[in-house]
Amino acid sequence: MKIVVCFKGVPAAKHVALDPVTHNLQREHTTSEMDPDDRYGMRIALQLRQALPSTTIVALTMGAPHSQIVLQQALAMGADQAILLSDRAFAGADTLATSYTLAQAIRKIANVDLVITGYSSHDADTGQVGPDLAAQLHWQQATNVTALTYHDLMWQITQQRNNTLQQLQTDEHLVVTVQRQTTLKPAQMSMTGIHKAVQTPITIWNTTVLHCDLQRVGQAGSATRVTKLITPELPMHHAQTLHTATDFLQIIKKK
């Protein structure tokens, strides 16, 4: 079995710079770290490999060259291979362009049985890349997955739906999104893993290697644009008493 785990590098700093023209994050000048939710997706991949020792885990991310740190962390957690998608043409991609680029990479990796992503990244918080990726690949998808096993050529999926758990199964190629949860421990780096990460080369693919349609990557391939950024201001007398989401909703209703 071959599993691809998609990772997202999010800004490590609390304060980031924005491009004055595109209003996108200037990621090339920002230190990246692994999105916390991705550690839970990696844990599920490791559990599957423990049950099926012949499984290969490929860590995949898209970003600037400094995003290699995210892949090095994935290798230290137990990934077997790491691939960085890096090209200036990828800059400014929204979820549609990102999922297209990731899909091109997964097709190139070939013979992939399962793709795992985090439920939602902590910088954009859209929750769209996983479902978009499934649509690009024409694969089955399951979101909010809390457990995943493979038995008798079938995926056995536990999915959280509001306050209930739902059991699903399929024998088809699958994309799942995994959210931070209390019942699953996030994957951790080990000293053995760190030593392996230092020795494992990271493969870098650009638009040429992936045979990308340049009109479908980066800003050119994005269906959305950030046209304006607004910092909401809250009156001081409200700010002093705003303690909960309920307080916030009450203020909104008054407006």
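Residues numbered from 1 in each chain as written. Predicted model: local features only at pLDDT ≥ 70, side-chain atom pairs only at ≥ 80, totals over all residues. Heavy atoms only, no water.

## Describing the overall build of the protein
Broken down by element type, the protein carries eight helices and 11 strands. Intrachain contacts of the protein at a sequence separation of at least 6 include 72% that bridge at least 24 residues. As displayed, the protein has an accessible area near 14500 Å², and 52% of this comes from carbon and sulfur atoms. (Helix = DSSP H or I, 4+ residues; strand = E, 2+ residues; numbered from the N terminus. Contact = heavy atoms within 4.5 Å. Areas by Shrake-Rupley, 256 points an atom, 1.4 Å probe, with all protein chains shown as cover.)

## Notes on the environment of leucine 60
For leucine 60, the position within the fold is in strand 4 (residues 56–62). For leucine 60, a relative accessible area of 0% puts it in the buried group. When the C-alpha positions of leucine 60 and threonine 117 are compared, they lie 9.8 Å apart, and in sequence the two are 57 residues distant. For leucine 60, the residues in contact, after removing those within four places along its chain, are Val4, Val5, Cys6, Phe7, Leu71, Ile83, Leu85, Leu102, Ala105 and Ile106. (Buried < 20%, exposed > 50% of the residue type's maximum accessible area, 1.4 Å probe, protein only.)

## Comments concerning helix 1 (residues 38–51)
Three- or four-residue spacings in an α-helix give side chains the same orientation, since the helix completes a turn every 3.6 residues. Spanning 14 residues, helix 1 covers 20 Å between terminal C-alpha atoms, matching the ideal 20 Å at 1.5 Å per step. Taken together, the buried positions of helix 1 are occupied by Asp38, Tyr40, Gly41, Met42, Ile44, Ala45, Leu46 and Leu48. (Expected span 1.5 Å × (residues − 1).)

## Comments concerning the sheet that holds strand 11 (residues 203–205)
Ordered by their spatial adjacency, nine strands build an open sheet running 9-8-7-10-6-1-4-5-11, and the pairing between neighbours is mixed. Strands with a single pairing partner mark the edges of an open sheet, and in this sheet they are strand 9 (164–170) and strand 11. Taken over all neighbouring pairs, the strand axes of this sheet differ in orientation by 30° on average, direction set aside. Here strand 8 (residues 154–161) runs beside strand 9; their pairing, made up of seven bridges, is antiparallel. Pairing of threonine 158 across the sheet is with glutamine 167, part of strand 9. Sitting on the sheet, helix 4 (residues 129–137) is in contact with strand 1 (2–6), strand 6 (114–118), strand 7 (140–151) and strand 10 (174–178), with an inclination near 175° to strand 10. (Pairing = 2+ DSSP bridges. Axes fitted to C-alpha atoms, helices over the stretch in contact; angles between N-to-C directions.)

## Let's talk about the pairing of strand 7
Pairing analysis gives four bridges linking strand 7 to strand 10, with the strands arranged parallel. Directly across from glutamine 140, in strand 10, lies its bridge partner leucine 174. Here strand 7 folds back onto strand 8 in antiparallel fashion, the turn holding two residues, of which aspartate 152 has a positive phi close to 55°.

## Some points on the nonpolar core
Core analysis: the biggest nonpolar cluster contains 35 residues, and Met42, Leu114, Ile116, Leu148 and Val176 have the highest contact counts within it. Each residue touching isoleucine 116, except ones within four places of it in the same chain, is listed here: Ile3, Val4, Val5, Cys6, Gly41, Ile44, Ala45, Val176 and Val178. In terms of nonpolar packing, the next biggest core, distinct from the first, is built from 24 residues, Cys6, Val58, Ala103 and Val115 among them. (Core = buried A, V, L, I, M, F, W, Y, C linked by side-chain atoms within 4.5 Å.)

## Quick notes on unusual backbone geometry
For alanine 110, which is not a glycine, the phi torsion comes out positive at approximately 70°. Alanine 110 gets classed as partly exposed once you look at its relative accessible area, which sits at 28%. With a phi close to 55°, asparagine 111 is a non-glycine residue in the positive phi region. In this structure, asparagine 111 sits in the loop between helix 3 (95–109) and strand 6. Under the relative-accessibility criterion, asparagine 111 is labelled exposed at 67%.

## Regarding the side chain of serine 67
Inspection of the secondary structure assignment puts serine 67 in the loop between strand 4 and helix 2 (68–77). A relative accessible area of 6% means that serine 67 is categorised as buried. Other than its neighbours up to four places away in sequence, serine 67 contacts Ser32, Thr61 and Leu84.

## Regarding the packing of aromatic side chains
How two aromatic rings sit relative to each other is set out by the distance from centre to centre and by the angle between their planes. Taken as a whole and judged by the stated rule, the model has one aromatic pair. Ring centres 4.6 Å apart and planes at 55° place the aromatic pair tyrosine 150 and tryptophan 155 in the tilted group. Take tryptophan 155: its relative accessible area is 2%, and that puts it in the buried class. Over the ring of tryptophan 205 we find lysine 108, and its NZ or CZ is 5.4 Å from the ring centre. (Phe/Tyr/Trp six-rings, centres within 6.5 Å; stacked < 30°, edge-to-face > 60°. Lys NZ or Arg CZ within 6 Å of the ring centre and 35° of its normal.)

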